[in-house]
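Each chain, letter by letter, is given below.
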Amino acid sequence: MSQPRKLGTEGLADSSVPVIGVCATCDPRIDVDSRTRAQNIIRMTAGVLAERVQMPDGAAVPVVYSDVLMDGEREADIVARQFQAAGVNIIVCVPDTWAFPQLSLISLIQQLPDDTPLNLTCGNSAPRPGVVFVHAASGAISQYGRLVHINVGSWPDTGMEPQMTARTADDLVDWAYAAVARQAMKGRRVVVSGHDA
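What you see is a predicted model, and the numbers here were worked out from it, not measured in a lab.

**A look at the nonpolar core**
One finds I20, V22, L49, V53, V92, V94 and V180 to be the most contacted residues of the largest nonpolar core, which totals 30 residues. The set of elements that each furnish at least two residues to this core consists of β1 (20-23), α1 (32-52), β3 (90-93) and α5 (166-185). With eight residues, the single largest contributor to this core is α5. In this structure, V79, F83, A99 and F133 belong to the second largest nonpolar core, which totals 25 residues.

Now the structure itself:
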């Protein structure tokens, strides 16, 4: 027979520190090189965020990434479990190829809280343009009332390690700071000062 377990107070995670999770969708029919390129973009994007986003006191904001490309529901479930285990409460998706929104990104976000900030950052072309997915996914998600931010930026159309442009990175980092502020203050007591009501 199962016994209840008393919870302790030691080792509790600090829920005021947001965690950014970076991932990408993909089409299962895409060639191996394109898939590797997509995984590289995930890793490089996570690096940009980890290097540049911090808390007001200078502490690092944890950034995690999954290189499991979300081709369908099975992979979306894996990424969801990874993100849940890591405490992810901000999602950045960086698709480099088209994909099926319902089977991939929507399957992921349905497993996380509805108010999880979501950013879709992509380049604007490439042989199998991720921008097609971004607009399709944004439209589908917005239809049921969820907010999603699109950052249609630029990175090279070819090559295995395409670096995003400085402007694309700046726009992503600006959004990440807003998402971090929102998640860090959620459920907290704050002081608002002013004069007239």
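**Some remarks on α1**
Spanning 21 residues, α1 covers 31 Å between terminal C-alpha atoms, matching the ideal 30 Å at 1.5 Å per step. Among the residues of α1, S34, R37, A38, N40, I41, I42, M44, T45, A46, V48 and L49 are the ones counted as buried. Check the buried side of α1 and you find it contacts β1, β2 (63-65), β3 and α5. The N-cap of α1, judged by a side-chain oxygen 3.2 Å from the amide nitrogen of D33 a few residues on, is D31.

**Digging into the sheet that holds β3**
The strands that make up a sheet are held in pairs by hydrogen bonds between backbone atoms, and each pair lies either parallel or antiparallel. Reading across the sheet, the five strands line up as β2-β1-β3-β4-β5 and stay open at both edges, with parallel pairing between neighbours. Only two strands of the sheet have a single partner each, and these edge strands are β2 and β5 (149-152). If you compare each strand with its neighbour and ignore which way they point, the axes differ by 20° on average. Inspection of the sheet shows β3 paired to strand β4 (residues 118-122) by three bridges, in the parallel sense. Bridge pairing links V92 to N119 in β4. The strands touched by α5 within the sheet are β1, β3, β4 and β5, with β3 carrying the most contacts at an inclination of about 160°.

Criteria and cut-off values
Residues numbered from 1 in each chain as written. Predicted model: local features only at pLDDT ≥ 70, side-chain atom pairs only at ≥ 80, totals over all residues. Heavy atoms only, no water. Core = buried A, V, L, I, M, F, W, Y, C linked by side-chain atoms within 4.5 Å. Buried < 20%, exposed > 50% of the residue type's maximum accessible area, 1.4 Å probe, protein only. Helix = DSSP H or I, 4+ residues; strand = E, 2+ residues; numbered from the N terminus. Expected span 1.5 Å × (residues − 1). Contact = heavy atoms within 4.5 Å. Polar contact = N/O pair within 3.5 Å; in protein donor to acceptor, adjacent residues only side chain to side chain. Pairing = 2+ DSSP bridges. Axes fitted to C-alpha atoms, helices over the stretch in contact; angles between N-to-C directions.

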